Amino acid sequence: MTRQKKAKLVKIILYIVLSIYAFATIYPFIWAIAASFKPLREIVGGDLKIMPQNFTLDNYRYIFGRSSLFTQWFFNSLIVSVIGTTINIFLNTMAGYALARLNFPGRERIYYGFLALMMVPAQVLLIPNYLILLNLGMLDSFRALILPAAINLGNIFMMRQFFLSFPKDVEEAASIDGLGRFQTFFRIVMPLAKPSIATQAIFVFMGFWNEFMKPMLYLTSPNKYTLTLGLQTFQSQNGGVRWDQTMAASVITIIPIVILYTIFNKYFLQGVRMDGEK
(Lines give C-alpha, C1' and ligand atoms only; values in the text may rest on other atoms or scores of the structure.)
Protein backbone atom coordinates (compact mmCIF):
# COMPACT_ATOMS: atom_id res chain seq x y z
CA MET A 1 0.00 0.00 0.00
CA THR A 2 1.40 3.33 -1.04
CA ARG A 3 1.83 6.26 1.34
CA GLN A 4 -0.93 8.18 -0.41
CA LYS A 5 -3.41 5.31 0.03
CA LYS A 6 -2.42 4.95 3.70
CA ALA A 7 -3.04 8.65 4.29
CA LYS A 8 -6.42 8.40 2.57
CA LEU A 9 -7.37 5.35 4.67
CA VAL A 10 -6.37 7.13 7.88
CA LYS A 11 -8.47 10.14 6.88
CA ILE A 12 -11.50 7.92 6.16
CA ILE A 13 -11.16 6.19 9.54
CA LEU A 14 -10.79 9.57 11.25
CA TYR A 15 -13.95 10.90 9.61
CA ILE A 16 -15.87 7.76 10.62
CA VAL A 17 -14.75 8.07 14.26
CA LEU A 18 -15.58 11.80 14.35
CA SER A 19 -18.98 11.17 12.75
CA ILE A 20 -19.82 8.53 15.37
CA TYR A 21 -18.70 10.86 18.14
CA ALA A 22 -20.72 13.75 16.69
CA PHE A 23 -23.83 11.57 16.47
CA ALA A 24 -23.38 10.32 20.05
CA THR A 25 -23.02 13.92 21.22
CA ILE A 26 -25.90 15.52 19.33
CA TYR A 27 -28.44 12.68 19.59
CA PRO A 28 -29.41 13.33 23.26
CA PHE A 29 -29.77 17.03 22.44
CA ILE A 30 -32.09 16.32 19.50
CA TRP A 31 -34.04 13.76 21.54
CA ALA A 32 -34.59 16.33 24.32
CA ILE A 33 -36.03 18.79 21.80
CA ALA A 34 -38.28 16.10 20.34
CA ALA A 35 -39.36 14.97 23.82
CA SER A 36 -40.61 18.47 24.58
CA PHE A 37 -43.35 17.83 21.99
CA LYS A 38 -44.30 14.40 23.40
CA PRO A 39 -46.85 13.51 26.09
CA LEU A 40 -45.52 12.11 29.34
CA ARG A 41 -46.63 8.52 28.70
CA GLU A 42 -44.60 8.42 25.48
CA ILE A 43 -41.43 9.69 27.21
CA VAL A 44 -41.56 7.34 30.21
CA GLY A 45 -42.40 4.45 27.89
CA GLY A 46 -38.69 4.14 27.08
CA ASP A 47 -39.04 4.90 23.39
CA LEU A 48 -35.87 6.53 22.03
CA LYS A 49 -37.38 7.47 18.68
CA ILE A 50 -36.81 11.05 17.61
CA MET A 51 -40.16 11.80 15.98
CA PRO A 52 -43.10 12.10 18.40
CA GLN A 53 -45.91 9.64 17.79
CA ASN A 54 -48.42 11.99 19.43
CA PHE A 55 -47.21 15.51 18.66
CA THR A 56 -48.44 18.07 21.22
CA LEU A 57 -47.81 21.67 22.28
CA ASP A 58 -49.43 21.19 25.69
CA ASN A 59 -46.06 21.27 27.46
CA TYR A 60 -45.29 24.75 26.16
CA ARG A 61 -48.87 25.90 26.81
CA TYR A 62 -48.51 24.80 30.42
CA ILE A 63 -45.18 26.61 30.85
CA PHE A 64 -46.39 29.93 29.46
CA GLY A 65 -49.93 29.54 30.76
CA ARG A 66 -50.46 27.82 34.09
CA SER A 67 -46.82 28.09 35.15
CA SER A 68 -46.92 31.88 35.39
CA LEU A 69 -43.57 32.27 37.19
CA PHE A 70 -41.59 30.58 34.43
CA THR A 71 -41.74 33.68 32.22
CA GLN A 72 -40.61 35.78 35.19
CA TRP A 73 -37.68 33.44 35.82
CA PHE A 74 -36.69 33.65 32.16
CA PHE A 75 -36.59 37.45 32.20
CA ASN A 76 -34.79 37.46 35.56
CA SER A 77 -32.01 35.34 34.06
CA LEU A 78 -31.95 37.51 30.97
CA ILE A 79 -31.62 40.71 33.01
CA VAL A 80 -28.85 39.32 35.22
CA SER A 81 -26.96 37.80 32.28
CA VAL A 82 -27.14 40.85 30.00
CA ILE A 83 -26.21 43.38 32.70
CA GLY A 84 -23.50 41.13 34.16
CA THR A 85 -22.00 40.42 30.73
CA THR A 86 -21.99 44.12 29.78
CA ILE A 87 -20.22 45.11 32.99
CA ASN A 88 -17.72 42.27 32.59
CA ILE A 89 -16.90 43.21 29.00
CA PHE A 90 -16.00 46.78 29.93
CA LEU A 91 -14.17 46.06 33.19
CA ASN A 92 -12.28 42.98 31.98
CA THR A 93 -11.25 44.65 28.74
CA MET A 94 -10.13 47.86 30.45
CA ALA A 95 -8.22 45.92 33.11
CA GLY A 96 -6.51 43.77 30.48
CA TYR A 97 -5.60 46.86 28.48
CA ALA A 98 -4.21 48.62 31.55
CA LEU A 99 -2.05 45.63 32.50
CA ALA A 100 -0.72 45.34 28.96
CA ARG A 101 -0.26 48.97 27.95
CA LEU A 102 -0.11 51.34 30.93
CA ASN A 103 3.00 51.75 33.04
CA PHE A 104 2.18 52.33 36.71
CA PRO A 105 3.78 51.30 40.01
CA GLY A 106 2.93 47.76 41.07
CA ARG A 107 1.62 46.65 37.68
CA GLU A 108 3.56 43.38 37.70
CA ARG A 109 2.59 42.66 41.32
CA ILE A 110 -1.07 43.14 40.48
CA TYR A 111 -0.72 40.86 37.47
CA TYR A 112 0.92 38.07 39.48
CA GLY A 113 -1.63 38.62 42.24
CA PHE A 114 -4.39 37.99 39.67
CA LEU A 115 -2.65 34.81 38.55
CA ALA A 116 -2.48 33.61 42.17
CA LEU A 117 -6.16 34.39 42.74
CA MET A 118 -7.09 32.39 39.64
CA MET A 119 -5.90 29.29 41.49
CA VAL A 120 -8.42 29.80 44.30
CA PRO A 121 -11.55 27.62 43.78
CA ALA A 122 -14.72 29.66 43.43
CA GLN A 123 -16.48 27.45 45.99
CA VAL A 124 -14.11 28.72 48.69
CA LEU A 125 -15.50 32.24 48.26
CA LEU A 126 -19.20 31.39 48.47
CA ILE A 127 -19.56 31.76 52.25
CA PRO A 128 -17.36 34.91 52.57
CA ASN A 129 -19.34 36.49 49.72
CA TYR A 130 -22.59 35.53 51.42
CA LEU A 131 -21.53 37.19 54.69
CA ILE A 132 -20.40 40.35 52.86
CA LEU A 133 -23.66 40.58 50.93
CA LEU A 134 -25.60 39.96 54.14
CA ASN A 135 -23.86 42.84 55.90
CA LEU A 136 -24.42 45.10 52.89
CA GLY A 137 -28.11 44.24 52.78
CA MET A 138 -27.88 42.97 49.19
CA LEU A 139 -29.22 39.45 49.64
CA ASP A 140 -32.34 38.44 47.69
CA SER A 141 -31.55 40.93 44.92
CA PHE A 142 -30.02 40.79 41.47
CA ARG A 143 -27.10 42.89 42.76
CA ALA A 144 -25.98 39.86 44.79
CA LEU A 145 -25.53 37.92 41.54
CA ILE A 146 -24.06 40.71 39.40
CA LEU A 147 -21.65 42.75 41.56
CA PRO A 148 -19.49 39.92 43.03
CA ALA A 149 -19.07 38.59 39.47
CA ALA A 150 -18.48 42.01 37.87
CA ILE A 151 -14.97 40.97 36.82
CA ASN A 152 -13.47 37.68 35.72
CA LEU A 153 -9.75 37.11 36.27
CA GLY A 154 -9.50 34.56 33.49
CA ASN A 155 -10.94 37.01 30.97
CA ILE A 156 -8.69 39.80 32.24
CA PHE A 157 -5.73 37.53 31.58
CA MET A 158 -7.07 36.69 28.11
CA MET A 159 -7.54 40.36 27.21
CA ARG A 160 -4.07 41.23 28.53
CA GLN A 161 -2.53 38.60 26.28
CA PHE A 162 -4.47 39.99 23.33
CA PHE A 163 -3.37 43.58 23.96
CA LEU A 164 0.27 42.55 24.36
CA SER A 165 0.22 41.66 20.65
CA PHE A 166 -1.83 44.71 19.70
CA PRO A 167 0.24 46.97 17.38
CA LYS A 168 1.37 50.16 19.07
CA ASP A 169 1.41 51.93 15.71
CA VAL A 170 -2.38 52.08 15.77
CA GLU A 171 -2.41 53.87 19.13
CA GLU A 172 0.40 56.19 18.08
CA ALA A 173 -1.50 57.12 14.92
CA ALA A 174 -4.60 57.84 17.03
CA SER A 175 -2.53 59.99 19.38
CA ILE A 176 -1.12 62.00 16.45
CA ASP A 177 -4.71 62.58 15.29
CA GLY A 178 -5.48 64.13 18.66
CA LEU A 179 -7.24 61.28 20.46
CA GLY A 180 -6.71 60.87 24.18
CA ARG A 181 -6.23 57.61 26.03
CA PHE A 182 -9.96 57.01 26.62
CA GLN A 183 -10.92 58.03 23.09
CA THR A 184 -8.27 55.73 21.67
CA PHE A 185 -9.51 52.86 23.81
CA PHE A 186 -13.22 53.18 23.01
CA ARG A 187 -12.96 54.31 19.37
CA ILE A 188 -9.92 52.36 18.14
CA VAL A 189 -8.88 49.57 20.50
CA MET A 190 -12.25 48.04 21.41
CA PRO A 191 -13.57 47.82 17.82
CA LEU A 192 -10.37 46.04 16.77
CA ALA A 193 -10.65 43.67 19.75
CA LYS A 194 -14.05 42.32 18.64
CA PRO A 195 -12.94 38.65 18.31
CA SER A 196 -11.62 38.51 21.88
CA ILE A 197 -14.51 40.53 23.26
CA ALA A 198 -17.07 38.31 21.50
CA THR A 199 -15.41 35.18 22.86
CA GLN A 200 -15.39 36.72 26.30
CA ALA A 201 -19.05 37.73 25.99
CA ILE A 202 -20.17 34.19 25.15
CA PHE A 203 -18.38 32.58 28.09
CA VAL A 204 -19.43 35.27 30.57
CA PHE A 205 -23.06 35.15 29.42
CA MET A 206 -23.07 31.36 29.71
CA GLY A 207 -21.58 31.64 33.20
CA PHE A 208 -24.35 33.97 34.39
CA TRP A 209 -27.10 32.09 32.54
CA ASN A 210 -26.13 28.63 33.84
CA GLU A 211 -25.24 29.71 37.39
CA PHE A 212 -27.10 27.67 39.99
CA MET A 213 -25.19 27.72 43.28
CA LYS A 214 -25.19 31.48 43.81
CA PRO A 215 -28.90 32.02 43.11
CA MET A 216 -29.66 29.13 45.48
CA LEU A 217 -27.64 30.80 48.25
CA TYR A 218 -28.48 34.45 47.66
CA LEU A 219 -32.12 34.44 46.48
CA THR A 220 -35.13 33.55 48.63
CA SER A 221 -38.14 35.13 46.85
CA PRO A 222 -39.59 32.82 44.15
CA ASN A 223 -40.39 35.79 41.90
CA LYS A 224 -36.67 36.68 41.86
CA TYR A 225 -35.41 33.19 41.00
CA THR A 226 -33.26 32.80 37.92
CA LEU A 227 -34.12 30.15 35.37
CA THR A 228 -31.74 27.48 36.69
CA LEU A 229 -33.08 27.76 40.23
CA GLY A 230 -36.65 28.09 39.02
CA LEU A 231 -36.24 25.01 36.83
CA GLN A 232 -35.35 22.92 39.86
CA THR A 233 -38.44 24.23 41.63
CA PHE A 234 -40.48 23.59 38.51
CA GLN A 235 -39.33 19.97 38.35
CA SER A 236 -40.57 19.10 41.83
CA GLN A 237 -43.53 21.45 42.34
CA ASN A 238 -46.05 18.66 41.65
CA GLY A 239 -44.40 16.15 43.97
CA GLY A 240 -42.54 14.46 41.12
CA VAL A 241 -40.67 15.20 37.91
CA ARG A 242 -42.90 15.78 34.89
CA TRP A 243 -40.41 14.97 32.16
CA ASP A 244 -42.61 16.30 29.38
CA GLN A 245 -42.85 19.77 30.91
CA THR A 246 -39.24 19.64 32.11
CA MET A 247 -37.99 18.92 28.60
CA ALA A 248 -39.97 21.87 27.23
CA ALA A 249 -38.58 24.14 29.96
CA SER A 250 -35.04 22.90 29.29
CA VAL A 251 -35.34 23.61 25.57
CA ILE A 252 -36.42 27.19 26.32
CA THR A 253 -33.42 27.69 28.62
CA ILE A 254 -30.92 26.93 25.84
CA ILE A 255 -32.47 29.25 23.24
CA PRO A 256 -30.57 32.42 24.33
CA ILE A 257 -27.27 30.50 24.36
CA VAL A 258 -27.86 29.19 20.84
CA ILE A 259 -28.82 32.67 19.59
CA LEU A 260 -25.77 34.28 21.20
CA TYR A 261 -23.41 31.65 19.82
CA THR A 262 -24.94 31.96 16.35
CA ILE A 263 -24.41 35.73 16.37
CA PHE A 264 -20.82 35.68 17.62
CA ASN A 265 -19.63 32.39 16.16
CA LYS A 266 -17.90 34.05 13.22
CA TYR A 267 -15.55 35.90 15.59
CA PHE A 268 -14.06 32.66 16.95
CA LEU A 269 -12.21 31.88 13.74
CA GLN A 270 -12.04 35.38 12.35
CA GLY A 271 -8.56 36.79 12.03
CA VAL A 272 -8.09 40.50 12.42
CA ARG A 273 -5.46 42.14 10.20
CA MET A 274 -3.87 44.90 12.26
CA ASP A 275 -0.84 46.24 10.44
CA GLY A 276 -0.98 49.80 11.72
CA GLU A 277 -2.75 51.24 8.69
CA LYS A 278 -5.34 53.92 9.33
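Residues numbered from 1 in each chain as written. Predicted model: local features only at pLDDT ≥ 70, side-chain atom pairs only at ≥ 80, totals over all residues. Heavy atoms only, no water.

Peer 1: Describe the side chain of Asn76, with residues and values.
Peer 2: Locating Asn76 in the fold gives a position in helix H4 (residues 68-101). Contacts of Asn76, omitting those with residues within four sequence positions, involve Phe142, Asn223, Lys224, Tyr225 and Thr226. (Helix = DSSP H or I, 4+ residues; strand = E, 2+ residues; numbered from the N terminus. Contact = heavy atoms within 4.5 Å.)

Peer 1: Which residues make up the packing of aromatic side chains, and what are the values?
Peer 2: Centre distance and the angle of the planes are the two values used to describe a pair of aromatic rings. This structure, assessed with the given rule, holds 18 aromatic pairs. Ring centres of Phe162 and Phe163 lie 5.3 Å apart, and the angle between their planes is 70°; on these two criteria the pair is classed as edge-to-face. Grouping residues by exposure puts Phe162 and Phe163 together as buried. Consider the rings of Phe163 and Phe166, whose centres lie 6.2 Å apart with planes at 65°: the pair is edge-to-face. Both residues of the pair, Phe163 and Phe166, count as buried. (Phe/Tyr/Trp six-rings, centres within 6.5 Å; stacked < 30°, edge-to-face > 60°. Buried < 20%, exposed > 50% of the residue type's maximum accessible area, 1.4 Å probe, protein only.)

Peer 1: Which residues make up helix H11 (residues 194-210), and what values do they have?
Peer 2: In a regular helix each residue adds 1.5 Å, so 17 residues correspond to 24 Å; H11 covers 24 Å between its end C-alpha atoms and thus fits that length. In terms of burial, H11 is a largely internal element, 12 of the 17 residues being buried. (Expected span 1.5 Å × (residues − 1).)

Peer 1: Would you mind going over the environment of Pro28 in detail, with residue names and values included?
Peer 2: Residue placement: Pro28 occurs in helix H1 (residues 3-35). Note: C-alpha distance between Pro28 and Asp244 (216 residues apart in sequence) is 15 Å.

Peer 1: Give a description of the environment of Ala149 that names residues and reports values.
Peer 2: With respect to the secondary-structure elements, Ala149 resides in the loop between helix H7 (143-146) and helix H8 (153-164). It is 9.7 Å that separates the C-alpha atoms of Ala149 and Gly207, two residues lying 58 residues apart in sequence.

Peer 1: Which residues make up the confidence of the model for the chain, and what values go with them?
Peer 2: Within the chain, residue pLDDT values average 85, and 91% of them lie at 70 or more. For the chain, helix H15 (residues 266-269) is the element with the lowest average pLDDT, namely 63, and H7 is the one with the highest, namely 93. Low pLDDT, under 50, characterises residues 271-278; the stretch is placed with 10 contacts to residues that sit more than four places away or in other chains. (pLDDT = per-residue confidence, 0-100.)

Peer 1: Any chance you could break down the nonpolar core for me, citing the residues and the numbers?
Peer 2: One finds Ile63, Phe70 and Phe234 to be the most contacted residues of the largest nonpolar core, which totals 32 residues. Contributing elements (two or more residues each) for this core: helix H3 (58-64), H4, helix H6 (126-136), H7, H11, helix H13 (227-236) and helix H14 (243-264). The leading source of residues in this core is H14, at six residues. In this structure, Ala100, Met159, Phe166 and Val170 belong to the second largest nonpolar core, which totals 14 residues. (Core = buried A, V, L, I, M, F, W, Y, C linked by side-chain atoms within 4.5 Å.)

Peer 1: Can you tell me about unusual backbone geometry, naming the residues and giving the values?
Peer 2: The backbone of Asp140 shows a phi angle near 60°, a positive value even though the residue is not glycine. As for its placement among the helices and strands, Asp140 is situated in the loop between H6 and H7. On the accessibility criterion, Asp140 (16% relative accessible area) is buried.

Peer 1: Lay out the pattern of salt bridges in plain terms, naming residues and giving numbers.
Peer 2: For the structure shown, the criterion picks out four salt bridges. For Glu171, the salt bridge identified is with Arg101, shortest N-O distance 2.5 Å. Taken together, the residues span a long stretch of sequence, with Glu171 in helix H9 (residues 168-176) and Arg101 in helix H4 at a distance of 70 residues. Taken individually, Glu171 and Arg101 each receive the classification buried, so the pair is uniform in this respect. Note that Arg107 is salt-bridged to Glu108, the shortest N-O span being 3.5 Å. A cluster of three or more residues bridged by salt bridges with shared partners is formed by Arg101, Glu171 and Arg181. (Salt bridge = Lys/Arg side-chain N within 4 Å of Asp/Glu carboxyl O.)

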